[in-house]
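Notes for the structure review
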Amino acid sequence: MDPLTPHCRELASPGIFQSVLSVLIIFGILFSYLPQHARIISRRSSFGISPYFILLGTTSGTSAFVNILVFPKTSQDVGCCQEISGMACFAGLLGVFQMGMQWLCFFSILLLFVIYFPRATSPTDPTAPVSSQSSTGPTYRTALSITAICLLHALVTVIISVVFALRQPSAIPAWANFLGILAAILASIQYFPQIYTTLRLRRVGSLSIPMMCIQTPGSLVWAASLAAREGLKGWSIWGVLVVTACLQGTLLTMAIYFEYFGPNRKGKDRADENGAPSNGTVSERSETAAPEPVDAEQPSEETPLLQSQ
C-alpha cells in the first residue's frame, strides 16, 4: 500500500519540463535584475528612479513573498518533504525560491537606490546644486524614510504571519489571500510613479532598459509557470505578475522612445555621463557661454610680433 498522501504522491513525481522551466526562471529573475544593479553602480547615481516606485515595488515584493510562504499549499509541500526525495522536495518548492529571488533582487535595488542617491545635486537636475532644487522634489531624507518604511513593513508582515501560524492557524488562508491582494494592488500602482517620473524628465536616467526587456516577457512566462503549479486557487500569487508585466511594458515603451527616438536624443551621450537632463540646455550653455577663439593660438599674417602692440 502506498503510504504517501495523494498530494505528496503528486509532488513525488514532478514533471521534468516544469522543473527545468522553474529553475530557468530563477536564474532568469537574477540575470534580469543584474543590468539594473550594474547601471546604478556604474553611473554611481540613482538619478531618474522614482523613490515611490522603489517603495511600492519593495512592499509589493515582500507581500508576495510572505504570501507564498504562508499559503496553505506551501505548508503541505513542506510537510511532504519528510516523505519524498530531496530532489522532488526541491522541485516542489521552486515557486517559493522564485518569489524569494525576486524579493532579494528588488531589495538590492532599494539599497543601491539609497547608497547612490544624488545628495550633492538636485535629483531632478544633477547639474544643479541642492540649494537650487525645488522643495517639492524628493530628497535624501525621502529615500531614508522609504527605506525605513520598507523594513518596517517587512517586519510587521512577518510578525503577523508568525502570530497567525502559532495562535490562529485557521486564519492563515484569509491572511494569505489578503497579502496576495495587497501585493496585486501595490504592483498595479507600482509603475505609475516611475512612468510619471520618466515622462516628466523625458529621459531614462539610471533605469535599465535591458532589465525591462527581459522582465516584461519573462513575467508572463513566470505567471504561466506559477499558474500551472498553483492552479486557479493561487490567482493571488501569479495574478500580480500579469499586472506588472502589462505596466512594465508601458514603461519600457516610453523608455525606448526617450532613449532612442525622443526629441532630446541629440547630445544625450555627453549629458548622460553626469546624469544631466536630456534637453541639451546645459551642454549647449556650457559650449556657448565661453567660446574659445578659433585663431587665439594660431598666429596669422596680421599677428603683431610683440604682444604689447
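Residues numbered from 1 in each chain as written. Predicted model: local features only at pLDDT ≥ 70, side-chain atom pairs only at ≥ 80, totals over all residues. Heavy atoms only, no water.

- An unreviewed UniProt entry annotates the protein chain as PQ loop repeat protein originating from Penicillium citrinum.

Topic: the UniProt feature "transmembrane region" (unreviewed entry) in the protein chain
- Mapped onto this structure's residue numbering, the UniProt feature "transmembrane region" (unreviewed entry) falls at residues 15-34, 46-70, 90-117, 143-166, 172-192, 204-223 and 235-258.
- With 95% helix and 0% strand, residues 15-34 has end C-alpha atoms that lie 29 Å from one another.
- Secondary structure content for residues 46-70 is 80% helix and 0% strand, while the C-alpha to C-alpha distance between its ends is 34 Å. (UniProt positions renumbered as here; feature names shortened; annotations may be inferred. Helix = DSSP H or I, 4+ residues; strand = E, 2+ residues; numbered from the N terminus.)

Details of the state of the cysteines
- Under the definition given, this model contains two disulfides.
- What pairs with Cys8 in a disulfide is Cys80, and their sulfur atoms sit 1.9 Å apart. One quick way to see it: the torsion about the S-S bond of Cys8 and Cys80 is about -80°, and its sign makes the bridge left-handed. Of the two residues, Cys8 is situated in helix 1 (residues 6-12) and Cys80 in helix 4 (residues 72-80); the sequence distance between them amounts to 72 residues.
- Note on cysteine connectivity: Cys81 is disulfide-linked to Cys89, with sulfurs 1.8 Å apart. With the S-S dihedral at roughly 80°, the linkage between Cys81 and Cys89 falls on the right-handed side.
- Judged by its relative accessible area of 22%, Cys81 falls in the partly exposed class.
- Given the relative accessible area of 14%, Cys89 is considered buried. (Disulfide = S-S within 2.5 Å. Buried < 20%, exposed > 50% of the residue type's maximum accessible area, 1.4 Å probe, protein only.)

Things to note about the packing of helix 3 (residues 51-70) against helix 8 (residues 172-201)
- One way to put it is that helix 3 packs onto helix 8 with a least axis distance of 8 Å and a crossing angle of 155°. When the interaxial angle is binned, helix 3 and helix 8 end up roughly antiparallel. In the packing of helix 3 onto helix 8, the handedness of the crossing is left-handed. (Axes fitted to C-alpha atoms, helices over the stretch in contact; angles between N-to-C directions. Parallel < 35°, antiparallel > 145°, perpendicular 65-115°, else oblique. Left-handed = near helix turned anticlockwise from the far one by under 90°.)

Quick look at the nonpolar core
- Ranked by internal contacts, the top residues of the largest apolar core, which has 48 residues, are Tyr33, Ile54, Met99, Leu110, Phe113, Met212 and Trp222.
- Residue assignment for this core shows that the elements contributing at least two residues are helix 2 (16-43), helix 3, helix 6 (94-115), helix 7 (140-167), helix 8, helix 9 (209-230) and helix 10 (235-261).
- Leaving out residues up to four positions away in the same chain, Leu110 has contacts with Ile54, Thr58, Ile146, Thr147 and Cys150.
- Core analysis: the next-biggest nonpolar cluster, separate from the first, contains eight residues, Leu11, Ala88, Cys89 and Leu93 among them. (Core = buried A, V, L, I, M, F, W, Y, C linked by side-chain atoms within 4.5 Å. Contact = heavy atoms within 4.5 Å.)

A word on the confidence of the model for the protein chain
- Residue-level pLDDT values for the protein chain average 79, and 77% of them are 70 or greater.
- Ranking the elements of the protein chain by mean pLDDT puts helix 12 (residues 281-289) last with 40 and helix 7 first with 94.
- Confidence drops under pLDDT 50 across residues 269-297; counting only partners more than four residues distant or on other chains, this segment forms 26 contacts. (pLDDT = per-residue confidence, 0-100.)

Some points on the packing of aromatic side chains
- Under the defined criterion, the tally for this structure stands at eleven aromatic pairs.
- Arranged with centres 5.3 Å apart and planes meeting at 55°, the rings of Phe53 and Tyr191 form a pair that is tilted. Here Tyr191 lies in helix 8 and Phe53 lies in helix 3, a separation of 138 residues in the sequence. In this structure, Phe53 and Tyr191 share a single accessibility class: buried.
- Linked through ring pairs, Tyr33, Phe53, Phe106 and Tyr191 together constitute an aromatic cluster. (Phe/Tyr/Trp six-rings, centres within 6.5 Å; stacked < 30°, edge-to-face > 60°.)

What about the pattern of salt bridges?
- Throughout the structure, instances matching the rule amount to one salt bridge.
- A salt bridge links Lys73 to Asp77; its shortest N-O distance comes to 3.4 Å. Within this pair, Lys73 and its partner Asp77 are both found in helix 4, separated by four residues, close to a single helical turn.
- A residue is classified by how much of its surface remains accessible, and Lys73, at 19% relative accessible area, is buried. (Salt bridge = Lys/Arg side-chain N within 4 Å of Asp/Glu carboxyl O.)

Quick notes on the packing of helix 2 against helix 6
- At a minimum axis separation of 9 Å, helix 2 and helix 6 run at an interaxial angle of 0°. In terms of axis orientation, helix 2 runs roughly parallel to helix 6. On the side of helix 2, the interface is formed by Ser19, Ser22, Val23, Ile25, Ile26, Ile29, Leu30, Tyr33, Gln36, His37, Ile40 and Ile41, while helix 6 contributes Leu94, Phe97, Gln98, Met101, Gln102, Cys105, Phe106, Ser108, Ile109 and Leu112.
- Residues of the contact of helix 2 with helix 6, tallied by class, amount to 15 nonpolar, seven polar and no charged. (Nonpolar A, V, L, I, M, F, W, Y, C, P; charged D, E, K, R; others polar.)

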